[in-house]
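Survey of secondary and tertiary structure
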Amino acid sequence: ADAEHLLSDQEAARLEKIWRPVGCARCDQSGYSGRMPLYEAMPVATSQMREAILNGASIDELYALAVREGMTTLRGAALQTVADGKTSLAEAMKILISGS
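This write-up is about the structure you can find in this document. (Residues numbered from 1 in each chain as written. Predicted model: local features only at pLDDT ≥ 70, side-chain atom pairs only at ≥ 80, totals over all residues. Heavy atoms only, no water.)

A word on the side chain of Thr73
The cut-off we apply is this: Strands are runs of DSSP state E lasting at least two residues, helices are runs of H or I lasting at least four, and both sets are numbered from the N terminus onward. For this analysis, a polar contact is any N or O atom pair within 3.5 Å, provided that within protein one partner can donate a hydrogen and the other can accept it, and provided that sequence-adjacent residues contribute only side-chain to side-chain pairs. Contacts are assigned to residue pairs that have any heavy atoms within 4.5 Å of one another.
Note on placement: Thr73 falls in the loop between α3 (59–68) and α4 (74–83). Only 2.9 Å separates the side chain of Thr73 from the backbone nitrogen of Gly76, close enough to count as a polar contact. Every residue in contact with Thr73, bar those within four places of it in the chain, is listed here: Glu40, Tyr63 and Val67.

Following this line, the structure appears as structure tokens:
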């Protein structure tokens with residue numbers, strides 16, 4: 001199934017080419033070989049972030065601050081693997097949908 005409808009207009013514009021798996025004998029016709037990690041890590045590098053944590057900011061507030069400070073979200077990391085041709089959009093979106 002096509003996962004392109006799950007993208008925002010901004011995300012779709014970021015993907016110049018959307019890769020789709022093509023099978024072979026080596027991958028048992030799946031189009032995939034092995035696994036790759038996708039992760040979201042929140043850096044605590046600014047005094048504003050440290051202060052927010054110490055003052056008991058909510059998870060939503062911390063997340064928004066981290067994104068403003070440049071954190072790559074899990075969704076962003078997944079879409080970057082698609083943009084890099086390392087996986088298909090359908091495979092990346094399966095990870096995001098199952099994790100929500």
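Looking at the nonpolar core
The line we're drawing: To form a nonpolar core, buried Ala, Val, Leu, Ile, Met, Phe, Trp, Tyr and Cys residues must be joined to one another through side-chain atoms within 4.5 Å. Exposed residues in this analysis have more than 50% of their type's maximum accessible area, buried residues have under 20%, and partly exposed residues fall in between, with area computed by a 1.4 Å probe over protein chains only.
Membership of the largest hydrophobic core is limited to 9 residues, which are Leu7, Leu15, Ala78, Leu79, Val82, Leu89, Ala92, Met93 and Leu96. The set of elements that each furnish at least two residues to this core consists of α4 and α5 (89–98). In terms of residues, this core owes the most to one element, α5, which gives 4 residues. Membership of the second largest hydrophobic core comes to 6 residues, among which are Met49, Leu62, Ala66 and Met71.

Topic: a nonpolar patch on the surface
Basically, it comes down to this: Without a salt bridge and with relative accessible area above 30%, a residue can belong to a patch; like charges are then joined within 9 Å and nonpolar side chains (Val, Leu, Ile, Met, Phe, Trp, Tyr) within 5 Å. The accessible surface values rely on the Shrake-Rupley method and a 1.4 Å probe; as for residues, cover is taken only from the protein chains in view. A side-chain nitrogen of Lys or Arg and a carboxyl oxygen of Asp or Glu constitute a salt bridge if their distance falls within 4 Å.
On the surface, Met42, Val44 and Ile53 cluster together into a nonpolar patch covering about 230 Å² of accessible area. Along the chain, Val44 falls in the loop between α1 (9–14) and α2 (47–54).

Considerations on the side chain of Ser88
Along the polypeptide, Ser88 turns up in the loop between α4 and α5. Residues within four places of Ser88 in sequence aside, it is in contact with Trp19, Arg20, Pro21, Tyr32 and Val82.

Considerations on the environment of Asp28
Structurally, the position occupied by Asp28 is in the loop between α1 and α2. With 35 residues separating them along the chain, Asp28 and Tyr63 place their C-alpha atoms 40 Å apart.

What about the packing of α2 against α3?
Formally: Axes, fitted as lines to C-alpha atoms, cover a helix only where it is in contact. Angles between the N-to-C directions of the axes lie from 0 to 180 degrees. Here roughly perpendicular refers to angles of 65 to 115 degrees, roughly parallel to angles under 35, roughly antiparallel to angles over 145, and oblique to all remaining angles. Polarity classes work like this: nonpolar for Ala, Val, Leu, Ile, Met, Phe, Trp, Tyr, Cys and Pro, charged for Asp, Glu, Lys and Arg, and polar for all others, with Gly in that last group.
Interaxial distance between α2 and α3 falls to 10 Å at its minimum, and their mutual angle equals 175°. With respect to α3, the element α2 is oriented roughly antiparallel. Residue-level contacts link Gln48, Met49, Ala52 and Ile53 of α2 to Leu62, Leu65 and Ala66 of α3. By residue class, the composition of the contact of α2 with α3 is 6 nonpolar, 1 polar and no charged.

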